[in-house]
Amino acid sequence: MTANLLDFDLDGLAVFCERLGEKRFRATQLFRWIHQKGASQFDEMSDLAKSLREKLKTSAQIQPLGIITQHISSDGTIKWLFDVGGGDAVEAVFIPEDDRGTLCISSQAGCAVGCRFCSTGHQGFSRNLTAGEIIAQLWFAEHFLRKHLNSSERVISNVVMMGMGEPLQNYAALVQALRVMLDDHAYGLSRRRVTVSTSGVVPMMDRLGQDCQVALAVSLHAPNDALRDNLVPLNRKYPIAELLDACKRYLAFAPRDFITFEYCMLDGVNDTAQHAAELVKLVRQDPTLGAWCKFNLIPFNPFPASGLTRSAQPVVLAFAKILSDAGIVTTIRKTRGDDIDAACGQLAGDVKDRTAVQKRISKQRTVMLKPVAEIAPSGRGGL
Ligand code: SF4
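Please read all numbers here as calculations on a predicted model, not as lab measurements.

S.K.: Explanation requested: the nonpolar core in the structure shown.
M.R.: Side chains that are nonpolar tend, in soluble globular proteins, to be buried together. If you look at the biggest cluster of nonpolar residues, it comprises 118 residues, and the most contacted ones within it are Trp 80, Met 181, Leu 208 and Phe 261. With 10 residues, helix α5 (residues 131–149) is the single largest residue contributor to this core. Leaving out residues up to four positions away in the same chain, Trp 80 has contacts with Ile 67, Thr 69, Gln 70, Val 90, Glu 91, Ala 92, Phe 94, Leu 103, Phe 140, Ala 141 and Phe 144. With 6 residues, the next largest nonpolar core counts Val 93, Ile 95, Cys 104 and Met 162 among its residues.

S.K.: What is the right way to look at the sheet that holds strand β4 (residues 78–85) in this model?
M.R.: As summarised here, the arrangement of the 10 strands in space is β3-β4-β5-β6-β9-β10-β11-β12-β13-β14, forming an open sheet in which the pairing is mixed. Edge positions in the open sheet fall to β3 (66–72) and β14 (329–332), since each of these has one partner strand only. Here the strands of the sheet are splayed against their neighbours by 20° on average, with no regard to which way each runs. Running at roughly 140° to β4, α5 makes contact with β3, β4, β5 (88–96), β6 (101–104) and β9 (158–161) of the sheet. Strands β9 and β10 (194–198) of the sheet are contacted by helix α6 (residues 171–182), whose axis makes an angle of about 160° with β10.

S.K.: Before we go on, may I ask you to explain the site of the ligand in this structure?
M.R.: The ligand sits among Cys 111, Val 113, Gly 114, Cys 115, Cys 118, Gly 121, Gly 165 and Ser 199. Within the shell around the ligand, the residues separate by chemical class into 4 nonpolar, 4 polar and no charged.

S.K.: I keep staring at the pairing of β9 and nothing clicks. Help me out?
M.R.: Side chains of β9 alternate between two faces, with Asn 158 and Val 160 and Val 159 and Met 161 buried alike. In this structure, β6 lies alongside β9, joined through 3 bridges in parallel fashion. Counterpart to Cys 104 in the pairing with β9 is Val 160. One crossover worth recording links β9 to the parallel β10 by way of α6, and it is right-handed.

S.K.: Would you explain the packing of aromatic side chains in this entry?
M.R.: The way to describe two aromatic rings as a pair is by their centre distance and the angle between their planes. Tallied over the entire structure, the rule returns 10 aromatic pairs. On the basis of an interplanar angle of 90° and a centroid distance of 5.5 Å, the ring pair of Trp 80 and Phe 140 is categorised as edge-to-face. Here Trp 80, found in strand β4, pairs with Phe 140, found in helix α5; they are 60 residues apart in sequence, far enough to count as distant. With a centroid separation of 6.2 Å and an interplanar angle of 55°, the aromatic rings of Phe 300 and Phe 303 are classed as tilted. For Phe 300, a relative accessible area of 1% gives the class buried. Ring-pair connections join several aromatic residues into one group, and the members of that group are Trp 80, Phe 82, Phe 140 and Phe 144.

Cut-offs applied
- Residues numbered from 1 in each chain as written.
- Predicted model: local features only at pLDDT ≥ 70, side-chain atom pairs only at ≥ 80, totals over all residues.
- Heavy atoms only, no water.
- Core = buried A, V, L, I, M, F, W, Y, C linked by side-chain atoms within 4.5 Å.
- Buried < 20%, exposed > 50% of the residue type's maximum accessible area, 1.4 Å probe, protein only.
- Helix = DSSP H or I, 4+ residues; strand = E, 2+ residues; numbered from the N terminus.
- Contact = heavy atoms within 4.5 Å.
- Pairing = 2+ DSSP bridges.
- Axes fitted to C-alpha atoms, helices over the stretch in contact; angles between N-to-C directions.
- Near = heavy atom within 4 Å.
- Nonpolar A, V, L, I, M, F, W, Y, C, P; charged D, E, K, R; others polar.
- Right-handed = clockwise from strand over helix to strand, strands pointing away.
- Phe/Tyr/Trp six-rings, centres within 6.5 Å; stacked < 30°, edge-to-face > 60°.

Printed below as a string of structure tokens:
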């Protein structure tokens, strides 16, 4: 069986090269060809000895994901549906903005957490992605965009693990992929520009703090356990007090960083003034957390099975004001890619229909990315 080189971080690739009788610097060259130049064929790698290229051809491959569909929104957002085999598919979304390009990627096919407001959660869990399948989404998107924008510069400046799946329930593959994202010989992203979003897998938050201090976003969505138990079932295992303690411990690993609390605004469920006041009290209980957290209010994207509806904009604004007046940095996420169902919580819509989707490689269209004004101030973890 040939190894998929997208599965390796640089250390792993060095071990692989040593097994082929090659020195570590060869691994660095190979790593750069793959991730910085987007090479998928060993014959492209002109500064590698021919003998090494021949060895690689028989022992390794660079395995991309098949593209089932590609949709480009009128606002420049692009959504890809990738085939990960076995009838499973995952999605990635590119969101261009004035000052950055953000790629939202998936960590699992489906998700076991089952949040009420999330389309992926309603689909159920199929399997974890490998590190190679996680990084393949970035590898494809970065080099596709560079080619179509005719750019030799990096296009994707931020990565958010907010696609399908709970990243911290696929920990080993996640951390392996994060190492590739942060490596200067690969994508060279700063740790503050890579965000892991979690529904609150407390023990893994602690491990992430020790292993890889990227930006952390926490899906809170409710100010008390009774409501959060209902919206985010994982809360029954790790209730809010434990979750906030884990956030505080994470801040100790990543001083001067913010924790972003994501809060999906659900009409009549979690969006009243009383809920906002409860939230203020909750995060202000601890001075450190109170000072180093921010809120990102997310418009809900309705889907029929949820039985939920989106909060009206005046309600969202009033809610945001209560938080802001209490001194908490609060942003309202602008919905993006509405016309292609690329918004938060809509991923996986196509997957249920995957048998009906004719598997095809989309014709890659020329992408015109236009700057889009933001409604709310931008912040880490906010698309
Ligand atoms: S919101 Fe995240 S954790 Fe919850 S079901 Fe959806 S993908 Fe899973």
